[in-house]
Amino acid sequence: MGMTITEKILAAHSGREVVRPGEFVNARVDLMLGNDITAPLAIAEFRKMGAERVADRSRVALVADHYTPNKDIKSAEQCRVMREFALSQEVAHFWDTGRAGIEHALLPEEGLVAPGECVIGADSHTCTYGALGAFATGVGSTDLAAAMATGECWLRVPPTIKVVYRGELKPWVGGKDLILYTIGRIGVSGALYQALEFAGETIESLPMAGRLTMCNMAIEAGAKNGIINPDAETERFMKSVTSRSYQPVVSDPDAEYVRTVEIDCAQIEPQVALPHLPENARPVQEVGEVTIDQAVIGSCTNGRMEDLRIAAALLKGRKVHPRVRLIVIPGTPKIHLEAIKEGLGEIFLAAGAVLSTPTCGPCLGGHMGVLAAGERAVATTNRNFVGRMGHTKSEVYLAGPAVAAASAVLGRIAHPEELS
Amino acid sequence: MKLRGRVHRYGDHVNTDVIIPARYLNTSDAKELAAHCMEDIDPEFVNRVEPGDIIVGGEDFGCGSSREQAPLAIKTCGVSCVIAASFARIFFRNSINIGLPVLVCAEASAEAAAGDEMEVDLASGRIENLTQGRTYQAEPFPEFLQQIIAAGGLVAHVKKKVTAGG
């Protein structure tokens, strides 16, 4: 019996020929990640472990992205703890304000994650990197501390659900719509403790940006990791970001899956997930008349250049609805600069949007766009839980960049076609 | 070890944003975090909770963000253990790692009511609802996790390795 890509990577990183679902392994971690919210706690635990130096400074990445630029004094203190640790430990990959991007947009752009690698991050959306053919999963701060001290992380090998996508995508449908539709099908705990392997002809022709968006939200179905077998598109992307070598692995033809889900993509409309769970996905046409107060385009889910281009194409020559605040957040400084060079920055500002520096800010109700009681937002982010973006009586509707941009112009949740 | 306390009952998909809202994550201070525990799902929780109390959730308890501040806030409130029909995986591992007992038991979860008095024997996984006179058996922990639990959490478990020079 063969192994899935997830099983192969975990076996290779724990010195085993074969691993099977349910087994526990201590896996060697190629890259470990923390941010300004999770790293300070990890640093405290690291010290309690009696560790003095990180096991391998070249495998540690620390990103000040959540409450930055420092939103208040306490956040500044948290960032200071992380900065001092990064500098004193000579952590190889540390980004501070000005150079920092949203971690899951930044690390792939820096070429720090490659096919076949094992990555853990003290951030639930670490599963994003599965798009590159890596095993990547979110863990807690103490896990990060242990990995920094030992270079390893305990993991239980997950069973894998294979999701096969077939058919051509309709206009305005992208990775975000595919993943929202999938979560709607299997539910927010539909892949609990399991790996989600995305496959099929539609995925094979999906550009890397869309793949990253899909794997990013695997956690929203409860999955341990989302993953896509590396192919020509993966190679193209890797060549564009790094020249380093890596060892890709793919699932065996006779690998065992706990379940296979087939999805006919030709039927999928642009999706919107209604409050207060990502599984409340439905076609935008079925949402009804929902007016909005705010739109957010950005985050680790949809803050890449491709997302900004989609939004800008719809906003060009148009104005954001007078009742709506549109906040556009490029994922990284590089994307920010590219957006300015390409003229997207001018389109956003002329439309009446805010063009923010990279930050996770509004996605988790931290800063840069917190909602008041009774307010409603459409957002390209990943969670629409109660109070996620602010007051417990506010609402978040999740969508892709096209629906978010069209909705910002029309002042209500709208299909992009309504603009033409 | 036996734990005993009153039940605080919640439903399915209790996420880490409601356990400890992100607006309070600008600190790592456990006591400060505990002061806002469960605030967005049950604002009165912190006033009601007594040392030893037990949180009972439904399916997928602790879903969402990886924030370890969620189990940390619960533990620091004095909650002795969390029982649920199922746990989100990062919350589960965080709890094991920081030494907050978590038990998987769908029946105990389904039948528990707010205010019930419960007793939990961690060694055997036996859960007794004293108010209803019902007993249940939680799923046993795999041996791998029992070692971390026995050490008192991942910090102590790793400390042994670090100080042994391994």
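Residues numbered from 1 in each chain as written. Chains lettered and ligands numbered in written order. Predicted model: local features only at pLDDT ≥ 70, side-chain atom pairs only at ≥ 80, totals over all residues. Heavy atoms only, no water.

Asks: Just to check I follow, could you spell out the packing of aromatic side chains for this structure?
Replies: Two aromatic rings are characterised by how far apart their centres lie and by the angle between their planes. For the structure shown, the criterion picks out eleven aromatic pairs over all chains. Seen in terms of ring centroids, F24(A) and W154(A) are 6.2 Å apart; in terms of plane orientation they differ by 40 degrees. Their pairing is tilted. You can see F24(A) sitting in strand β1 (residues 24-28) and its partner W154(A) sitting in strand β7 (residues 152-156), a full 130 residues away along the chain. Taken individually, F24(A) and W154(A) each receive the classification buried, so the pair is uniform in this respect. Aromatic side chains F92(B) and F141(B) sit 6.3 Å apart centroid to centroid with 35 degrees between the ring planes, which places their arrangement in the tilted category. Linking F92(B) in helix α5 (residues 89-98) with F141(B) in the loop between β7 (134-137) and α7 (143-151), this pair joins segments that are 49 residues apart in sequence. Here F92(B) falls in the buried class, since its relative accessible area comes to 8%. (Phe/Tyr/Trp six-rings, centres within 6.5 Å; stacked < 30°, edge-to-face > 60°. Helix = DSSP H or I, 4+ residues; strand = E, 2+ residues; numbered from the N terminus. Buried < 20%, exposed > 50% of the residue type's maximum accessible area, 1.4 Å probe, protein only.)

Asks: In this structure, what is going on with the pattern of salt bridges? I would like to understand it.
Replies: Where charged atoms from two side chains of opposite charge approach closely, those side chains can pair. Under the counting rule described, the total for this entry stands at 35 salt bridges over all chains. Among the salt bridges present, the one from E84(A) reaches R80(A), with a minimum N-O distance of 3.5 Å. Separated by four residues within a single helix, E84(A) and R80(A) lie in helix α3 (residues 73-88), roughly one turn from each other. A relative accessible area of 47% means that E84(A) is categorised as partly exposed. Residue K239(A) is joined to E235(A) by a salt bridge in which the shortest nitrogen-to-oxygen separation is 3.5 Å. Taken together, the positions of K239(A) and E235(A), both in helix α9 (residues 232-241) and four residues apart, correspond to about one turn of that helix. Taking the relative accessible area as the measure of exposure, E235(A) reaches 42% and is therefore partly exposed. Several salt bridges converge on common partners, so that one network encompasses K2(B), R4(B), R6(B), E117(B) and E119(B). (Salt bridge = Lys/Arg side-chain N within 4 Å of Asp/Glu carboxyl O.)

Asks: I'm lost on the side chain of R211(A) in this one. Help?
Replies: All names here are of chain A. Here R211 lies in helix α8 (residues 208-216). Owing to a relative accessible area of 0%, R211 belongs among the buried residues under this scheme. One polar contact links the side chain of R211 to the main-chain carbonyl oxygen of E204, over a distance of 3.2 Å. If we ignore the near neighbours within four places in the chain, the residues touching R211 are A131, I203, E204, L206, I228, D231, E233 and T234. (Polar contact = N/O pair within 3.5 Å; in protein donor to acceptor, adjacent residues only side chain to side chain. Contact = heavy atoms within 4.5 Å.)

Asks: It is not clear to me how the sheet that holds strand β10 (residues 225-227) of chain A should be interpreted in this structure. Could you clarify?
Replies: Backbone-to-backbone hydrogen bonds join strands into a sheet, with any given pair of strands oriented parallel or antiparallel. All names here are of chain A. Pairing is parallel in the open sheet, where four strands are placed in the order β10-β9-β8-β11. Looking at the sheet topology across the chains shown, the edges are occupied by β10 and β11 (259-264). The sheet shows a mean angle of 20 degrees between the axes of neighbouring strands, taken without regard to direction. Relative to the sheet, helix α6 (residues 175-186) contacts β8 (160-166), β9 (195-199) and β11, its axis offset from that of β11 by approximately 130 degrees. (Pairing = 2+ DSSP bridges. Axes fitted to C-alpha atoms, helices over the stretch in contact; angles between N-to-C directions.)

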